[in-house]
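Overview (structure and organization)
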Number of protein chains: 4
Amino acid sequence: MSSSYGKNLRISIFGQSHSEAIGVCIEGLPPGLRIDMEELMRFLSRRAPGHNSYSTSRKEPDKPEFLSGLVDGVTCGAPLAAIIRNTDTRSSDYEELFDVPRPSHADFAAQMKFKGAQDVRGGGHFSGRLTAPLCIAGGICIQILRTHGIEIGAHIASIGEVSDTPFDMVSVSADAFKAISDNSFPVISRKRGEEMLRLIEKVRAEGDSIGGLVECAVLGLPAGLGDPMFDGMENRISAIVFGIPAVKGIEFGNGFACAALRGSENNDPFCTDGITIRTKTNNHGGILGGITTGMPLIFRVAIKPTPSIATEQESVSLSKMENRKLVIRGRHDPCIVPRAVPCVEAATAVAVMDALLENKKYQGGE
Amino acid sequence: MSSSYGKNLRISIFGQSHSEAIGVCIEGLPPGLRIDMEELMRFLSRRAPGHNSYSTSRKEPDKPEFLSGLVDGVTCGAPLAAIIRNTDTRSSDYEELFDVPRPSHADFAAQMKFKGAQDVRGGGHFSGRLTAPLCIAGGICIQILRTHGIEIGAHIASIGEVSDTPFDMVSVSADAFKAISDNSFPVISRKRGEEMLRLIEKVRAEGDSIGGLVECAVLGLPAGLGDPMFDGMENRISAIVFGIPAVKGIEFGNGFACAALRGSENNDPFCTDGITIRTKTNNHGGILGGITTGMPLIFRVAIKPTPSIATEQESVSLSKMENRKLVIRGRHDPCIVPRAVPCVEAATAVAVMDALLENKKYQGGE
Amino acid sequence: MSSSYGKNLRISIFGQSHSEAIGVCIEGLPPGLRIDMEELMRFLSRRAPGHNSYSTSRKEPDKPEFLSGLVDGVTCGAPLAAIIRNTDTRSSDYEELFDVPRPSHADFAAQMKFKGAQDVRGGGHFSGRLTAPLCIAGGICIQILRTHGIEIGAHIASIGEVSDTPFDMVSVSADAFKAISDNSFPVISRKRGEEMLRLIEKVRAEGDSIGGLVECAVLGLPAGLGDPMFDGMENRISAIVFGIPAVKGIEFGNGFACAALRGSENNDPFCTDGITIRTKTNNHGGILGGITTGMPLIFRVAIKPTPSIATEQESVSLSKMENRKLVIRGRHDPCIVPRAVPCVEAATAVAVMDALLENKKYQGGE
Amino acid sequence: MSSSYGKNLRISIFGQSHSEAIGVCIEGLPPGLRIDMEELMRFLSRRAPGHNSYSTSRKEPDKPEFLSGLVDGVTCGAPLAAIIRNTDTRSSDYEELFDVPRPSHADFAAQMKFKGAQDVRGGGHFSGRLTAPLCIAGGICIQILRTHGIEIGAHIASIGEVSDTPFDMVSVSADAFKAISDNSFPVISRKRGEEMLRLIEKVRAEGDSIGGLVECAVLGLPAGLGDPMFDGMENRISAIVFGIPAVKGIEFGNGFACAALRGSENNDPFCTDGITIRTKTNNHGGILGGITTGMPLIFRVAIKPTPSIATEQESVSLSKMENRKLVIRGRHDPCIVPRAVPCVEAATAVAVMDALLENKKYQGGE
């Protein structure tokens, strides 16, 4: 355990890269909500591989089949379960890996944990493919949050040394999100996006891979969301975002930069126009004491380079306990950052939805 | 909710800065363990204020009173509850804050959440004082983990622009931890520590504050600790560490730096001497796929500058909905990073203990 | 684990019969609620021993001290912690029990579980004394539920072979509850109550004890409370009520009697007056499919006779693994059923409050 | 919420009677366990309808499809998901029920809860059909428990006024379980079983239904299983068993009978042969203080008569708020007690497995 997340909206993700299917069971969806399946499919297609030079050439339709929880496309209060069949799988690509773990993959750690019983094919339950059911859950939550006036958007903040224009931490708007998702490549600056694509192509040609950053913003959050101590918004978001493979860091607001600042520089002055209260700057990233202030909630996550690279690497034979050279075969993304963008949005949507339901408990007068 | 953390070892923290007492209830401690109270007090004293120029001049004995869970100092299987009385409290310092929230404090967000009912005195439940019961729980876990050969150490990685020598990510040892905790100021390089102290003193004299980084390492972890997806070690640790006030970012291994690297640079080759398996480098920070590899688990957290500064700041009157100047009175640390060091150790100990108990379930043959 | 209960309102109970204190930490109380301390003390006094022939002669003031969660008697959103000091304890009464477990007490089972580390004095964490913090939590919930128009009442349904008048399952009213709590002995029929008291006195004189039934009703519940499958109202209530020592059975509505009935006898016809919908009979005890129907929620619990009796019993010496005669000394209730009545009310209040908060999540339009 | 159960072994059940599929996601299964699929199918067939006069004439193959969690039939540490397709469904049978709730069914309560959004077809998520995924989970746990020497058996204790021979509470053995499951009708006394079948046939012919009792025993449990207060074995078992539709009561050991007994009658004397410790009688049903004693764990559950009967009943039109006669069409079991027997075993197995994993945490020296 645990491939489950959430207290009020609870998602349980199952499946391995090469099992019969992967899927998600979602408990706690409010009843009576119509899910826009076309919009959901558009959202899922942003995560899907096979479109570009930067992703694996596998074709995954990733079309979810809804097994329960809906009546004529409307949530009925029962748990919603959806699955995606695994079809384009080539198990033979992975046979060697049972004995020789891939550097910086979960293979070795999982082997130690599950004592050799784990499903090593395609990374098993640790495969990036498991973000597809996360995106189903997140895509549904995004639709629900929109009805509350809450919008979530993310973009590639950087790939290697190439950086995109960052979000304006004070005045980022949903229009910016629209512009990003209209791009086939999720960046704000198309010019920088083209540089990134060239870099990815170069890296791919060299049999290498590259990491990057994703920046995510949540708009329209009411002040007062999140809970003290261990259920603050930072805790909630990081607890789900680190479930996306390859994430190695997260920072909120100005994040690590705040460590070098003085209080007089870092503090965000409050101001009011007589109607609303806001802060003039947003170094706090919309969260103070774990609780939203009503300013844009902004954070960045660090994504490591895909560990599966084409060049020969050093590993060990677990059975013989001796050093061994390893060449990874199969098809792998040279850069997973673009596909991580909707995953970060999805994870955030689930975390925000869970916090929102928590807050509903205390509304309405008792 | 939730001021509770953990599934196997569950801590519930209660109290406000100026309530009768603060405390913690710990469920799930294995029975039959003797707690070394002197060692625990030494650990708690590392968090206590009042010793140095860099911390508030309040005297807090922070001596815990154990109410339950022990028989003659040995855990008995029942929940362990411990409290610390609040004595040196000056409520009048905080009266204005009910109406005029302190910039970058939790005041405003909490007001929005609890609709004016929250305890505003001294930050209430959001006070840094609530890390004292966290340190009680963590200090106990540290003692238990030691019996499993697991050691946790942290140091100030930087304050402002002054950096300490980092941990050697491959070969950091418990000796390094010992050297740090023998220092009154928790750094590796005494010279850099003196620079930091001078910087803090300077900032204090200017009525300002300053942020910093804490680096933490866990040694002796078995490979295979942690769980897939949302209960990976990164998820578990970040979910508790963000419960320490002022933490705004966390990164594991080489963290944010990995975003600029290629796979060929970032991947950690496996190697063996025929007996054990390790990696030559440790960019992964001891965690792959959320699960420990047996290499040192290393992470850094970003701590923002104390928001309570002596200089006049801009805020608003919530009752009058108009802009207002605010001067914060009372005693405040110009830099909380030194006191955050044992808190990060404590939080980590609780997270590791919880993961360790999870793993125990699957040992011994079924 | 687990001495905690609840998902939305979470109570964590700690303490042993002879530890420094017993207490409860309550998370999730809505902020801004004034607690009527006098009413709470009256509720707690119904559980307190020392008043009557039927309870132990120990004097327990059981006055709770509130450590956190309140500002001037009003909930502030932070966890509420309350403790009761243990004062009148005579440890020497229990020394023999460490080796010779009392028949039908938790001594032996706890010894097996905690491998000899458990606190054997007074039953330790298994003592009936631990229902005092449950009653603090429940007493607070009762006050909150009342503001929602929800009333909880219980009475002694029987002691030995002497039965009280049962609740009218269709038309029981809060007036009936008032009449019961105005009695010093919680029964509907005073005549039967006097018979019960004579029976208890007789049993006490014989150095024996006696069991009984408690019947509990909840009025004013909205239809639609409770959740499918494992969070139905029966599941929720039984999961907490079995936490009261000595409870060995629970039945809802006509309960075990339904096993001998036909559907045509057991089914409760629906009817309407054009405004509300109700059932003509209430064999279902206000719960169908785990969810409230708006009819009175009614259940009964079986309480076994106090296992501590004065007559000599057969046991074993754990250290010598040989049979041994045991005479239990100390002061013990000949019948705990009267004191169990408020405990059942308290447990029910916590369960209902938790379900009510769950339902709040889905109100108000999404 | 919540259609999930368990803390260490967590099952999440999804599906509605007429959704695409029903299923279960199981987290926390120890890795490396081979599941005997033939044995599992035999177990599931005991719950399946269509074999006898006492069950509905629908044919449900109920053959589970395993989607994840297994590699070549062996658990791999990832969540195990299994589904059963819904095929033989006749939605038209249920159209009227959307407006006119069936007496003593969940229809009305669910309508109130889900505000008209719920899936009314076949009872939706409240259908007895949802016990099939529970039996998949339970059937797997039964196999695991057997490797620990733990056996679970149940039988029909009574139908209407016809009672089976009860289990011998002190010396019931696994042989008794074998004899029961060798019967097509799960009773100890074949003669009484024939009487029960005649009674069911008579009731069916009259268009009526009938209730009954199920008695369940668990053998081979170590002493020390279960946890204090709210995670006692009674709490754990009742919290899952009430998830089986139609259960209205549960009692452990001598249960409700203890309410009429004296302590001197009800207490179970300990005795030893120098090697093991046991009790001479077993009124406590193998549980003291919520924790197992090593004696057979025995409980009984009350099952109400199937609310779907052929005779005309009184109900209301929800849309018109007026009284209405209702005749339920479709195919329904006149008595669900026989099919409830494996469901009770399955639920118990899940609860015991969860408690067993909890205990594993504290083994092996810390």
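Along each chain, the written sequence defines residue order, and numbers are assigned to residues from 1. Naming scheme: in the order in which they are written, chains are lettered from A and ligands are numbered from 1. Side-chain atom pairs in this predicted model are given and counted only at pLDDT of 80 or more, local residue features only at pLDDT of at least 70, and totals for whole chains, interfaces and linings cover all residues. Here the side-chain values reflect all heavy atoms present in the structure, with hydrogen atoms and water set aside.

1. A closer look at the environment of Ala347 of chain D
Residues and elements named next belong to chain D. Under the scheme used here, helices are H or I runs from DSSP no shorter than 4 residues and strands are E runs no shorter than 2 residues, and both carry numbers assigned from the N terminus. With respect to the helices and strands, Ala347 occurs in helix H8 (residues 337–360). Along the primary structure Ala347 and Ser189 are separated by 158 residues, whereas in three dimensions their C-alpha atoms are 24 Å apart. Here Ala347 is in contact with Leu134, Ile240, Val241 and Ile244, once residues within four sequence places are set aside. We call two residues in contact whenever any of their non-hydrogen atoms come within 4.5 Å of each other.

2. Some points on the relation of the copies chain B and chain A
When chain B is fitted onto chain A, the two copies agree to an RMSD of 0.0 Å after a turn of 180° and an axial shift of 0.0 Å. Both copies of the chain, as the preceding transformation shows, are related through a two-fold rotation axis. Take the interface residues of chain B: 100% of them recur as interface residues in chain A, which is what a same-surface contact looks like. To line up the copies, we fit them by least squares on C-alpha atoms, keeping just the residues with pLDDT of at least 70 in both.

3. Quick word on the interface of chain B and chain A
The interface of chain B with chain A comprises 108 residues on the first partner and 109 residues on the second. Buried area between chain B and chain A, both sides added, is near 8,400 Å², and the carbon and sulfur share of it is 61%. Buried area: the accessible area, evaluated with a 1.4 Å probe, that two parts lose upon being put together, summed over both parts. It is Phe230, Lys248 and Phe270 of chain B that lose the most area in chain B upon contact with chain A, and together they represent 10% of the buried surface on that side. Salt bridge criterion: a side-chain nitrogen from Lys or Arg within 4 Å of a carboxyl oxygen from Asp or Glu. The interface formed by chain B and chain A contains eight salt bridges. A 3.5 Å cut-off defines polar contacts: any pair of N or O atoms within that distance qualifies, except that in protein one atom must be a possible hydrogen donor and the other a possible acceptor, and neighbouring residues in sequence count only when both atoms are side-chain atoms. Along the contact surface separating chain B from chain A lie 48 residue pairs in polar contact (both at pLDDT 80 or more). In terms of residue class, the side of chain B that touches chain A is built from 52 nonpolar, 34 polar and 22 charged. Pairing between strands requires that DSSP locate at least two bridges from one strand to the other. Note: strand E11 (residues 247–252) of chain A against strand E11 (residues 247–252) of chain B, three bridges, orientation antiparallel. For this classification, the nonpolar set comprises Ala, Val, Leu, Ile, Met, Phe, Trp, Tyr, Cys and Pro, the charged set comprises Asp, Glu, Lys and Arg, and every other residue, Gly included, is treated as polar.

4. A word on the sheet that holds strand E1 (residues 4–5) of chain D
Residues and elements named next belong to chain D. Pairing within the open sheet is antiparallel, and its five strands lie in the order E1-E2-E3-E7-E4. Strands at the two margins of the open sheet, each flanked by one partner only, are E1 and strand E4 (65–68). With two bridges joining them, E1 and strand E2 (residues 10–14) adopt antiparallel strand pairing. Paired with Ser4 across the two strands is Ser12, which belongs to E2. To get an axis, fit a line to the C-alpha atoms, keeping to the stretch in contact for a helix; angles then go from 0 to 180 degrees between the N-to-C directions. Packing of helix H3 (residues 131–147) onto the sheet brings it into contact with E2, strand E3 (21–27), E4 and strand E7 (80–85), and relative to E3 it is tilted by some 35°.

5. Side note on the packing of helix H3 (residues 131–147) of chain B against helix H8 (residues 337–360) of chain B
All names here are of chain B. Remark: H3 packs on H8, axes separated minimally by 7 Å, with the N-to-C direction vectors making an angle of 55°. Considered as vectors, H3 and H8 are oriented oblique to each other. With respect to the hand of their crossing, H3 and H8 are arranged in left-handed fashion. Across the interface between the two elements, Thr131, Leu134, Cys135, Ala137, Gly138, Cys141, Ile142, Ile144 and Leu145 of H3 pack against Pro342, Cys343, Glu345, Ala346, Ala347, Ala349, Val350, Val352, Met353 and Leu356 of H8. Here the contact of H3 with H8 is composed, by residue class, of 16 nonpolar, two polar and one charged. Roughly parallel covers angles under 35 degrees, roughly antiparallel covers those over 145, roughly perpendicular covers 65 to 115, and oblique covers all other angles. Two helices cross in a left-handed way if the nearer one is turned anticlockwise from the farther one by less than a right angle. They cross in a right-handed way if the turn is clockwise.

6. So, the pairing of strand E7 (residues 80–85) of chain C
Residue and element names in this part refer to chain C. Relative accessibility under 20% of the residue-type maximum defines a buried residue, over 50% an exposed one, and the middle range a partly exposed one, all with a 1.4 Å probe and only protein chains included. The element E7 is largely enclosed, with a buried count of five among its six residues. Here strand E3 (residues 21–27) runs beside E7; their pairing, made up of six bridges, is antiparallel. Counted as the bridge partner of Val24 is Ala82 from E7. Where strand E4 (residues 65–68) meets E7, three bridges bridge the pair, whose relative direction is antiparallel. When the sheet's bridge partners are listed, Ser68 is paired in E7 with Ala81.

7. Describing the interface of chain B and chain D
On the chain D side, the residues contacting the 15 residues of chain B number 15 residues. Buried area between chain B and chain D, summed over both chains or domains, comes out near 1,300 Å², and the portion from carbon and sulfur atoms is 58%. The tally of links from chain B across to chain D stands at zero salt bridges. Counting across the chain B and chain D interface gives two residue pairs in polar contact (both at pLDDT 80 or more). Considering only residue class, the side of chain B that touches chain D consists of six nonpolar, five polar and four charged.

8. Observations regarding the relation of the copies chain B and chain D
Put simply, the two copies of the chain differ by a rotation about an axis and a shift along that axis. Overlay of chain B on chain D (RMSD 0.0 Å): rotation 180°, translation along the axis 0.0 Å. The residues that chain B uses at the interface reappear at the interface of chain D in 100% of cases, marking a shared surface.

9. Regarding the packing of aromatic side chains
Classification of ring pairs uses Phe, Tyr and Trp, with its six-membered ring standing for Trp, and accepts pairs whose centres are within 6.5 Å; under 30 degrees between planes counts as stacked, over 60 as edge-to-face, and the remaining range as tilted. Under the counting rule described, the total for this entry stands at 22 aromatic pairs over all chains. Put simply, the rings of Phe242 of chain A together with Phe252 and Phe299 of chain B touch in pairs and so form one group of aromatic residues.

10. A closer look at helix H1 (residues 37–47) of chain C
Residue and element names in this part refer to chain C. The set of residues buried in H1 consists of Leu40, Phe43, Leu44 and Arg47. All buried residues of H1 lie within an arc of 95° about the axis, which places them on one face of the element. Against E4, helix H3 (131–147) and helix H8 (337–360) lie the buried residues of H1. The opening residue of H1 is Asp36, an N-cap whose side-chain oxygen sits 3.1 Å from the backbone nitrogen of Glu38. As used here, the arc belongs to the directions running from the helix axis to the C-beta atoms.

11. Comments concerning the pattern of salt bridges
For side chains bearing opposite charge, pairing can occur when the charged atoms are close. Taken as a whole, this structure holds 96 salt bridges over all chains when the rule is applied. Between Glu358 of chain D and Lys361 of chain D there is a salt bridge whose closest N-O contact spans 3.0 Å. Lys361 of chain D matches Glu358 of chain D in its accessibility class, with the two residues each being buried. One salt-bridge network, in which partners are shared between bridges, spans Lys7, Asp227, Asp231, Arg236 and Asp354 of chain A together with Lys113 of chain B.

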